[in-house]
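# What the coordinates show
So you can see what is in the structure, the chains are spelled out below.
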Amino acid sequence: MSGSHAGQITCEPCSSECEKINKRINNRKLSEIKKEEALDILTPFK
């Protein structure tokens, strides 16, 4: 195993939450995300 998660199959709820997180991050580096946003962005299943 290479340790890569690329192509990993996930359940629908998890996949959906990952898509939401990616949209909130919007191609930004984690260092560019404000502290106030971080908890909201990285907390799935709200």
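Preceding this section is the structure that the text describes.
To start, this report covers the structure provided alongside it. (Residues numbered from 1 in each chain as written. Predicted model: local features only at pLDDT ≥ 70, side-chain atom pairs only at ≥ 80, totals over all residues. Heavy atoms only, no water.)

## Some details on the overall build of the protein chain
Our working rule: Numbered from the N terminus, helices here are DSSP runs of H or I no shorter than four residues, and strands are runs of E no shorter than two. Residue burial is assigned from relative accessible area. The probe radius is 1.4 Å, only protein chains are included, and a residue is buried under 20% of its type maximum, exposed over 50%, and partly exposed in between.
Looking only at helices and strands, the protein chain features two helices and zero strands. Within the protein chain, buried positions represent 11% of all 46 residues.

## What about the pattern of salt bridges?
What counts is decided by this rule: A side-chain nitrogen of Lys or Arg and a carboxyl oxygen of Asp or Glu constitute a salt bridge if their distance falls within 4 Å.
Enumeration according to the criterion identifies two salt bridges in this entry. The partner of Lys-20 in a salt bridge is Glu-17, and the shortest N-O contact between them spans 3.2 Å. Taken together, the residues Lys-20 and Glu-17, both in helix H1 (residues 12-25) and three residues apart, mark about one turn of the helix. The exposure class of Glu-17 is buried, given its relative accessible area of 11%.

## Examining unusual backbone geometry
If you check the backbone angles, Asn-26 has positive phi at about 55° while not being a glycine. Relative to the helices and strands, Asn-26 is located in the loop between H1 and helix H2 (35-41). Since its relative accessible area comes to 54%, Asn-26 is described here as exposed. Unlike most non-glycine residues, Asn-27 shows phi in positive territory, near 60°. With respect to the helices and strands, Asn-27 occurs in the loop between H1 and H2.

## What to know about the environment of Ile-21
Keep this limit in mind: When checking whether two residues touch, look at their non-hydrogen atoms; a contact exists if any pair is within 4.5 Å.
Examined against the element boundaries, Ile-21 turns out to sit in helix H1. For Ile-21, a relative accessible area of 16% corresponds to the buried category. Residues Ile-21 and Thr-43, spaced 22 residues apart in sequence, show a C-alpha to C-alpha distance of 8.4 Å. The residues touching Ile-21, leaving out its near neighbours within four places in the chain, are Ile-41, Leu-42 and Pro-44.

## Considerations on H1
Note the cut-off: Expected helix span is taken as 1.5 Å per residue step, with the number of steps being one fewer than the number of residues. This arc corresponds to the set of directions leading from the helix axis out to the C-beta atoms.
A rise of 1.5 Å per residue sets the reference length of H1, with its 14 residues, at 20 Å; its end C-alpha atoms lie 20 Å apart and thus fit the reference within 8%. Here H1 has its buried residues at Glu-17, Ile-21 and Ile-25. End-on, the buried residues of H1 take up no more than an arc of 80°, which puts them together on one face. Across H1 from its buried face, at more than 90 degrees, point the exposed residues Glu-12, Asn-22 and Lys-23. Of the surrounding secondary structure, the elements contacted by the buried residues of H1 are H2. Two residues or fewer past H1, Asn-26 is found with a positive phi of approximately 55°.

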